[in-house]
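# Descriptive structure summary
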Amino acid sequence: MNKNSNDAQSKSPGTELARDMGLMHVTMIGVGAMIGAGIFVLTGLAAGVAGPALILVFLLNGIVTGFTAMSYAELGSCFPEAGGGYLWVKEALPQPNGFLSGWISWFAHAVACSLYSVAFGAFAVDLLSLGGVDFHKLVPSFIQSPPHLIWTKMIAVLVGLAFVYINYRGAKETGQAETLVTVVKIIVIGMFIAFGCYAIFSGNLTEPWQSHFSGFFQKGAMGIIMAMGLTFIAFEGYEIIAQCGEEVINPKKNIPRSIFLSLIIVVPIYILVAFVALGAVTPEGGIPSWQYLGTRGELAMIEAAEHFMMGRIGRIIFLIGGLFSTMSALNATIYSSSRVSFAMGRDHNLPGVFGKIHLKKRTPYMAVFISGALIMVMAVILPIEDIASATDAMFLLLFIFVNMAVINLRKNRPDLDRGFKVPFFPFIPILATFLNLLLAVFLFFYRPLGVWVCIGYIALGVSIYYLYSRKKEFTAKAAPAIHTEHPVFHKDASKYHILVPVANETTVQQIQKHALKIAKHRSADITALNVIKVPSQLPPSEGRKYLNESRAVLEKAIKAAEKENIPVSSVVKVTHNIPKAIIETCEERDIDLMVLGWEGEKSAHNRVFGTVLDEIIQNTVCDIVLVCRPPDEKAEISRILIPVSTIKYAILSLQLAEMMSEGRDIPLVVFHATFRDDREEIKEYYESELRKPVCGINPDRFQVIIKKTQKLSDAILEEAKSDDLVIMGAPEEGLVRRAMFGDIPLEIARKSKASLILTKKYTGHVKTWFQKFFGSRKTMLE
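Residues numbered from 1 in each chain as written. Predicted model: local features only at pLDDT ≥ 70, side-chain atom pairs only at ≥ 80, totals over all residues. Heavy atoms only, no water.

So, about the overall build of the protein. Helix and strand counts for the protein come out as 28 helices and 11 strands. Sequence separation of 24 or more characterises 83% of the internal contacts of the protein that already satisfy a separation of 6 or more. (Helix = DSSP H or I, 4+ residues; strand = E, 2+ residues; numbered from the N terminus. Contact = heavy atoms within 4.5 Å.)

Structure, rendered in structure tokens:
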């Protein structure tokens with residue numbers, strides 16, 4: 001690669017959106033959105049509407065939602081972008097359809113969040129009541145409303161505020177927390193089904209369980225259809241999957257698969273829950289089980305658990321499961337509602353305030369705050385049944401728009417690369433549109449107030465569009481477009497490839513100079529990488545706004561490489577997960593060595609270098625050089641000290657030391673501390689080890705020093721002088737596991753004034769499935 005090509009590349013680094021969600025991950029997102037909160041909150045309400053036919057309600061809903069799921073699968077496979085149904089409708093249908101789909105989607109997710117916050121309040125009040133809290137004493141006597149209702153609403157507002165703040169800060173549930181919530185939900189629902197089935201089939205019920213299903217259709221078709229509309233929100237998880245499209249690996253295949261897998265998992269679970277709730281509950285006084293559940297409303301499943309799941313203990317377990325489930329749903333729906341309203345603000349469909357991003361936290365903070373205000377208003381003023389009715393009506397209307405979009409795009413854009421096509425087209429999308437409209441209309445007969453709220457909200461949206469949005473959108477579209485070149489770096493497969501992740505301008509020069517020494521020695525090329533982290537509340541594509549900051553950082557790295565006439569390319573990754581983006585780049589570009597910088601100690605349990613570096617070091621399949629404290633630019637290095645335990649783990653350190661001393665008369669010292677007395681024999685052993693071809697060094701350049709000690713770190717600290725450069729190798733997991741490597745690097749970094757570089761050689765013992773199938777990688781020894 002010549003210098004001119006380098007110049008061209010340095011002007012505009014390639015920009016890539018990091019996709020880090022595999023099939024299982026995105027499927028679990030859909031399952032998590034569908035299973036849990038709907039079961040805990042809506043099953044009892046639906047039982048009172050449909051009667052014993054509740055089982056049929058969930059079965060039919062599974063079929064009806066499957067039709068719309070096909071439309072989502074087709075559009076998600078060819079438009080894998082954040083925004084979901086809103087962006088598809090905007091692409092396919094003339095305005096104001098696109099605006100209304102986004103307006104409805106925003107409201108649907110916000111009202112769903114209101115539903116979950118009120119349910120959380122109800123569960124919390126019930127749990128506190130079991131703990132002895134008397135809510136009658138906590139409400140002034142002049143207030144006429146029931147005390148438990150007042151406190152339910154108050155807690156709903158407080159938990160809503162808490163999650164609004166979490167989303168404003170840019171925090172999200174970590175992988176561990178998401179896993180915990182999922183495990184808790186599966187365990188609790190699994191226990192509910194298991195105890196219910198035991199109660200039904202063990203013969204311990206006071207009456208035959210079959211009698212609970214007598215008069216199966218006593219509520220008639222009207223009751224079944226209304227209950228279907230009421231519980232339809234439980235199957236909207238594929239809208240959440242669609243909103244993750246920008247982050248899914250191989251979205252053409254994985255989005256359709258995850259949509260159908262999530263439905264295959266969820267529908268049988270809902271049917272089983274309905275079966276045991278109706279069959280195992282035996283209320284006193286001969287009241288039918290469906291009627292009993294209907295009168296208990298959002299607490300129905302809690303009451304059912306107390307009937308057949310270890311009494312009061314079962315009630316508490318189910319309450320805890322309900323609290324976990326509603327908190328998870330709260331976070332997901334605030335996240336989704338703010339994303340949609342932010343996208344509308346960015347597209348000039350809503351006032352620009354919705355599209356504002358916090359300068360420091362990089363979150364759509366105004367979209368979060370306004371969505372939060374809407375959520376809390378709905379939670380306070382509406383009964384939970386009307387909130388559920390409004391939520392379902394809005395999602396059903398959104399699904400109607402999506403089905404219309406798939407028909408239009410199939411006709412007008414046959415060129416789109418579709419990973420899945422809706423079969424029996426256009427009959428299935430037309431049938432789905434009709435059924436969704438039918439369910440939405442019948443919700444009016446269940447709770448008219450919720451539907452009237454939706455009608456008023458849509459009328460307000462139409463007014464906003466024609467009075468504001470249409471003009472703003474037209475003005476924005478008339479503005480000139482900005483074109484950015486994205487270079488492609490064609491690498492020589494026979495070359496040695498080095499990756500240098502750079503975070504800021506202050507550290508890039510210190511890291512790059514070590515990479516340049518290695519590159520010269522190995523005739524290697526360098527890839528300079530800058531990762532833009534985007535909070536989960538924003539789609540990854542929003543990270544493009546910070547490209548100028550990345551270009552300034554990468555420009556320094558590129559100029560340094562060009563000065564030494566070393567082939568260099570630059571890339572910017574936009575992601576929610578920095579370690580995954582770096583690891584992904586290593587695999588994509590067949591990296592042999594990565595040179596990292598360390599900005600200092602991070603205090604965390606069982607972490608050595610901090611969360612980001614630990615994850616990179618544990619999972620990267622290449623050699624690593626970690627520059628902890630680089631040598632002072634003005635000071636001369638008196639010698640290079642290489643502490644070793646075994647030569648096997650010091651090979652990379654030895655090779656790096658030789659490279660660092662090339663062209664300079666700097667002593668290279670191999671240092672070994674031992675508790676044994678036979679130091680001369682040990683010295684002879686290490687001298688012979690250095691002469692083995694596997695080390696790939698000139699052994700005459702190295703001096704071996706053996707010192708007796710009881711503590712390795714003390715010996716290194718005593719030996720290392722302030723003008724030394726210490727290069728330490730580590731066992732395979734030693735760099736990240738204190739049990740094996742301890743806190744020696746941190747102790748030396750804190751107590752010694754010597755410069756410090758750590759190395760970790762990739763030995764191939766820990767491989768991802770990719771490397772196992774496609775062979776080993778080049779190492780420093782080749």
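There's plenty left to go through after this.
For the pair helix α6 (residues 97-130) and helix α14 (residues 312-346), interaxial distance at closest approach is 8 Å and the crossing angle is 155°. One finds that α6 runs roughly antiparallel with respect to α14. Once α6 is placed against α14, the crossing between them reads as left-handed. By residue class, the composition of the contact of α6 with α14 is 22 nonpolar, 10 polar and three charged. (Axes fitted to C-alpha atoms, helices over the stretch in contact; angles between N-to-C directions. Parallel < 35°, antiparallel > 145°, perpendicular 65-115°, else oblique. Left-handed = near helix turned anticlockwise from the far one by under 90°. Nonpolar A, V, L, I, M, F, W, Y, C, P; charged D, E, K, R; others polar.)

Turning our eyes to something else, we now look at the nonpolar core. Grouped together as the largest cluster of nonpolar side chains are 156 residues, with contacts concentrated most on Y72, L115, F123 and F192. Beyond its immediate chain neighbours, meaning those up to four positions away, Y72 contacts W88, Y238, E239, A242, I259, L398, F399 and V402. Y546, I566, I651 and L690 belong to the second largest nonpolar core, which has 59 residues in total. (Core = buried A, V, L, I, M, F, W, Y, C linked by side-chain atoms within 4.5 Å. Buried < 20%, exposed > 50% of the residue type's maximum accessible area, 1.4 Å probe, protein only.)

Where helix α7 (residues 147-169) contacts α14, the axes come no closer than 10 Å and their chain directions differ by 55°. Taken as axis vectors, α7 and α14 run oblique relative to one another. Every pair of crossing elements has a handedness; the one defined by α7 and α14 is right-handed. Residue-level contacts link V159, G160, F163, V164, I166 and N167 of α7 to M327, L330, N331, I334 and Y335 of α14. Taken together, the residues of the contact of α7 with α14 sort by class into eight nonpolar, three polar and no charged.

Given 3.6 residues per turn, any residue in an α-helix points the same way as the ones three and four places further on. A large share of helix α13 (residues 300-308) lies buried, amounting to seven of its nine residues. Within two residues after α13, M310 carries a phi angle of roughly 65°, on the positive side.

Averaged over every residue, the pLDDT of the protein is 79; residues scoring 70 or more account for 84%. Of all secondary-structure elements in the protein, the lowest mean pLDDT belongs to helix α28 (residues 769-774), at 35, while helix α4 (residues 54-78) reaches the highest, 92. Contacts for the low-pLDDT stretch residues 1-11, under 50 throughout, to residues beyond four places or in other chains number 20 contacts. (pLDDT = per-residue confidence, 0-100.)

Let us now look at the side chain of S289. Looking at where S289 falls in the secondary structure, it is placed in helix α12 (residues 289-296). For S289, a relative accessible area of 3% translates into the label buried. In contact with S289, not counting residues within four places along its chain, are H212, L278, V281 and P283.

Our focus in this paragraph is the pairing of strand β4 (residues 568-575). For β4, the tally of buried residues reaches eight of eight residues, placing the bulk of the element in the interior. Side chains of β4 alternate between two faces, with V568, S570, V572 and V574 and S569, V571, K573 and T575 buried alike. Two elements, strand β3 (residues 525-533) and β4, share eight bridges in a ladder whose sense is parallel. Within β4, the residue paired with K533 across the bridge is T575. (Pairing = 2+ DSSP bridges.)

On the surface, E680, E681, E684 and E687 cluster together into a negatively charged patch. Mapped onto the secondary structure, E680 falls in helix α24 (residues 679-690). Residue E680 is classed as exposed on the basis of its relative accessible area, which comes to 56%. (Patch = residues over 30% accessible without salt bridge, like charges linked within 9 Å, V, L, I, M, F, W, Y side chains within 5 Å. Areas by Shrake-Rupley, 256 points an atom, 1.4 Å probe, with all protein chains shown as cover. Salt bridge = Lys/Arg side-chain N within 4 Å of Asp/Glu carboxyl O. Lys, Arg positive; Asp, Glu negative; His and termini not counted. Charge placed at Lys NZ, Arg CZ, Asp CG, Glu CD.)

In this section: a nonpolar patch on the surface. Side chains of M24, M28, L261, I264 and I265 sit close together on the surface and give an oily, nonpolar patch of about 450 Å² of accessible area. If you list the elements that add at least two residues to the nonpolar patch, you get α2 (23-34) and α11 (251-280). Ranked by residue count, the leading element in the nonpolar patch is α11, at three residues.

Once that is clear, we can look at helix α9 (residues 220-231). Taking 1.5 Å per residue as the helical rise, α9 with its 12 residues ought to reach 16 Å, and the 17 Å between its terminal C-alpha atoms agrees with that figure. For α9, the set of buried residues is G223, I224, I225, M226, A227, M228, G229, L230 and T231. (Expected span 1.5 Å × (residues − 1).)

A few words on unusual backbone geometry. Here the bond from Q95 into P96 is cis, since omega is 10°, no more than 30 degrees from zero. For P96, the location among the structural elements is in the loop between α5 (85-92) and α6. Between F425 and P426 the backbone carries a cis peptide bond, its omega angle lying at 5°. One non-glycine residue, F424, lies in the positive phi region at around 50°. Position of F424 relative to the elements: it lies in the loop between α16 (384-412) and α17 (427-446). The exposure class assigned to F424 is exposed, which follows from its relative accessible area of 66%. Residues other than glycine seldom take positive phi values, yet S523 does so here, at roughly 55°. In this structure, S523 sits in the loop between α19 (505-522) and β3.

With that settled, the discussion passes to the side chain of S469. With respect to the helices and strands, S469 occurs in helix α18 (residues 448-477). You can call S469 buried: its relative accessible area is 0%. Looking at S469, its side chain comes within polar contact range of the main-chain oxygen of N349, at 2.3 Å. (Polar contact = N/O pair within 3.5 Å; in protein donor to acceptor, adjacent residues only side chain to side chain.)

In terms of residue burial, strand β11 (residues 755-760) counts as a mostly covered element, since six of its six residues are buried. Of the two faces of β11, the one holding S755, I757 and T759 and the one holding L756, L758 and K760 are both buried throughout. Relative to β11, strand β6 (residues 623-629) runs antiparallel, the two being bridged by five bridges. Along β11, the bridge assignment pairs I624 with K760. The pairing of strand β10 (residues 724-729) with β11 spans five bridges and is parallel. Residue pairing for β11: L725 is matched across the bridge by S755.

Further remarks concern the packing of aromatic side chains. Scanning the model with the defined rule gives 30 aromatic pairs in all. Residues W103 and Y457 carry aromatic rings whose centres are separated by 4.4 Å and whose planes lie at 10° to one another, so their mutual orientation is stacked. Linking W103 in helix α6 with Y457 in helix α18, this pair joins segments that are 354 residues apart in sequence. On the basis of relative accessible area, W103 is assigned to the buried category, the value being 4%. Of the aromatic side chains, those joined through ring pairs into one cluster are F99, W103, W106, F107, F354, Y457, Y465 and Y466. Positioned over the ring face of F425 is R410, at 4.1 Å from the centre of the ring. The ring of Y496 has R522 sitting right over it, with the charged end atom 4.6 Å from the ring centre. (Phe/Tyr/Trp six-rings, centres within 6.5 Å; stacked < 30°, edge-to-face > 60°. Lys NZ or Arg CZ within 6 Å of the ring centre and 35° of its normal.)

Inspection of every chain in the model, using the stated rule, returns 21 salt bridges. R676 is paired through a salt bridge with D678; the nearest N and O atoms lie 2.6 Å apart. Note that K692 is salt-bridged to E689, the shortest N-O span being 2.7 Å. Of the residues examined, K692 reaches a relative accessible area of 41% and is grouped as partly exposed. With a relative accessible area of 13%, E689 lands in the buried category.

Mapped onto the elements of the fold, V159 is located in helix α7. The spacing of V159 and M327 is 168 residues in sequence and 8.4 Å in space, taken between C-alpha atoms. Residues contacting V159, with those up to four places away along its chain left out, are S117, F120 and L330.

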